[in-house]
Amino acid sequence: MRSLSRLPRTALLAVALAAVLTGCSPGDLTFSNESPSEVTVSIGDEEYAIEGWGGVSILGAGCSQGDITVGFESGKTLVVDGPVCPDERVVIGEGTVDLQPTGN
């Protein structure tokens, strides 16, 4: 009986440890476009268009698996070194990209 009561706690600890070791943290990836122009955000094979003065949250995404690329209407691209995690939001300006704490 004792080993059965310890099993769920042990399994939960293993999942939490795996998340820490892989750099994954639960939560949403958030992007804010604080410019008047549309931008394109690429995360791996996924691509998101964000309208001027708009934003996107990828619910439950956790940390990005790699870098994030932001493409501007001018043709300029900027790369944010990954992983980016839910404790930061990607803030896009006119030709700029910045990471800011989310307060999580």
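Reading the values: the criteria
Residues numbered from 1 in each chain as written. Predicted model: local features only at pLDDT ≥ 70, side-chain atom pairs only at ≥ 80, totals over all residues. Heavy atoms only, no water. Helix = DSSP H or I, 4+ residues; strand = E, 2+ residues; numbered from the N terminus. Polar contact = N/O pair within 3.5 Å; in protein donor to acceptor, adjacent residues only side chain to side chain. Contact = heavy atoms within 4.5 Å. Pairing = 2+ DSSP bridges. Axes fitted to C-alpha atoms, helices over the stretch in contact; angles between N-to-C directions. Salt bridge = Lys/Arg side-chain N within 4 Å of Asp/Glu carboxyl O. Buried < 20%, exposed > 50% of the residue type's maximum accessible area, 1.4 Å probe, protein only.

So, about the side chain of Asn-33. Within the secondary structure, Asn-33 is located in strand S1 (residues 29-33). Separated by 2.7 Å, the side chains of Asn-33 and Ser-35 make a polar contact. When sequence neighbours within four positions are dropped, the list of residues in contact with Asn-33 reads Glu-38, Val-39, Ile-50, Glu-51, Gly-52, Trp-53, Gly-54 and Ile-92.

So, about the sheet that holds strand S7 (residues 88-93). Strand order in this open sheet of four strands is S4-S1-S7-S8, and the pairing throughout is mixed. Pairing within the sheet leaves two strands with one partner each, and these edge strands are strand S4 (55-58) and strand S8 (96-101). Across the sheet, the axes of successive neighbouring strands diverge by a mean angle of 20°, strand direction being ignored. Pairing of S1 with S4, which is carried by four bridges, proceeds in the antiparallel orientation. Residue Ser-32 lies in a different strand from S4, and its bridge partner there is Gly-55.

Here the focus is the pattern of salt bridges. With the rule as written, the count across this model stands at one salt bridge. Linking Arg-89 and Glu-34 is a salt bridge whose minimum nitrogen-to-oxygen distance equals 3.8 Å. You can see Arg-89 sitting in strand S7 and its partner Glu-34 sitting in the loop between S1 and strand S2 (39-43), a full 55 residues away along the chain. Judged by its relative accessible area of 22%, Arg-89 is partly exposed. The exposure class of Glu-34 is partly exposed, given its relative accessible area of 41%.

Moving on, we get to the pairing of S8. Relative to S8, S7 runs antiparallel, the two sharing six bridges. The residue bridging Val-90 from the neighbouring strand is Leu-99, located in S8. Taking the residues that link successive antiparallel strands as the turn, the S7-S8 hairpin has two residues, and the phi of Gly-95 there is positive, at about 80°.

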